[in-house]
Amino acid sequence: PHPSRRRRVAMSTFKDMQDEHAARQAVLRERVEISRDAALASVSGLTEQVVDAVNAGTVEVFENQKRVEEQARELRRKGAKFAGVTSEWVRIVRGFDDDLREIGGFEGWIKRVELDLNNLTQAMKKVAEQGSGSPRERGAS
């Protein structure tokens, strides 16, 4: 074989290898681009899902907070009403206690009046017995 022919064959083979390498690189670049696009789409979808989940959780937290605040307002309102009712009951019970004490005082007064009347009645009976005696007894006294 002639040296120039060998050179042409070698050049041809080298050129073929270069073309084949370039073709493989182009295929690899295409695959990398497709994989990159798929990864970006996947990450984008995941990001949207995460954002949606966080937003849904945030909305739920705010709704729960509103409910808690409303229940707290209702509890304060009921607590104030209960305090008013309790104060009224305390006032009524104290008044009832005072009335019972007055009744007890009145009963004591009635007993004292009754004792005084009994003492007066006995004294009047003694006076009447002494006054209804004989004239001798009246003169001797």
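Here the structure is shown first, and the text comes after it.
Residues numbered from 1 in each chain as written. Predicted model: local features only at pLDDT ≥ 70, side-chain atom pairs only at ≥ 80, totals over all residues. Heavy atoms only, no water.

A.B. asks: Quick question: what am I supposed to make of the overall build of the protein here?
C.D. replies: A tally of helices and strands in the protein yields two helices and zero strands. Taken over 141 residues, the protein has a buried fraction of 1%. Carbon and sulfur atoms make up 61% of the accessible area of the protein, which amounts to about 13100 Å² in all. (Helix = DSSP H or I, 4+ residues; strand = E, 2+ residues; numbered from the N terminus. Buried < 20%, exposed > 50% of the residue type's maximum accessible area, 1.4 Å probe, protein only. Areas by Shrake-Rupley, 256 points an atom, 1.4 Å probe, with all protein chains shown as cover.)

A.B. asks: What is the right way to read the pattern of salt bridges from this model?
C.D. replies: As a working rule, side chains carrying opposite charge can pair if their charged atoms are close by. Enumeration according to the criterion identifies eight salt bridges in this entry. Arg36 is paired through a salt bridge with Glu33; the nearest N and O atoms lie 3.0 Å apart. Here the residue Arg36 and the residue Glu33 both occupy positions in helix α1 (residues 3-131), the gap between them amounting to three residues, near one helical turn. For Glu33, a relative accessible area of 35% gives the class partly exposed. In this structure, Glu70 and Arg73 form a salt bridge, with 2.8 Å as the shortest nitrogen-oxygen distance. Placement of both Glu70 and Arg73 in helix α1 is noted, with a separation of three residues, approximately one turn of the helix. Within the structure, one salt-bridge network assembled from shared partners comprises Glu74, Arg77 and Lys78. (Salt bridge = Lys/Arg side-chain N within 4 Å of Asp/Glu carboxyl O.)

A.B. asks: Teacher, can you tell me more about a nonpolar patch on the surface here?
C.D. replies: Among the surface-exposed residues, Val85, Trp89, Ile92 and Val93 lie close enough to one another that they form a single nonpolar patch of about 380 Å² accessible area. By the secondary structure assignment, Ile92 is in helix α1. (Patch = residues over 30% accessible without salt bridge, like charges linked within 9 Å, V, L, I, M, F, W, Y side chains within 5 Å.)

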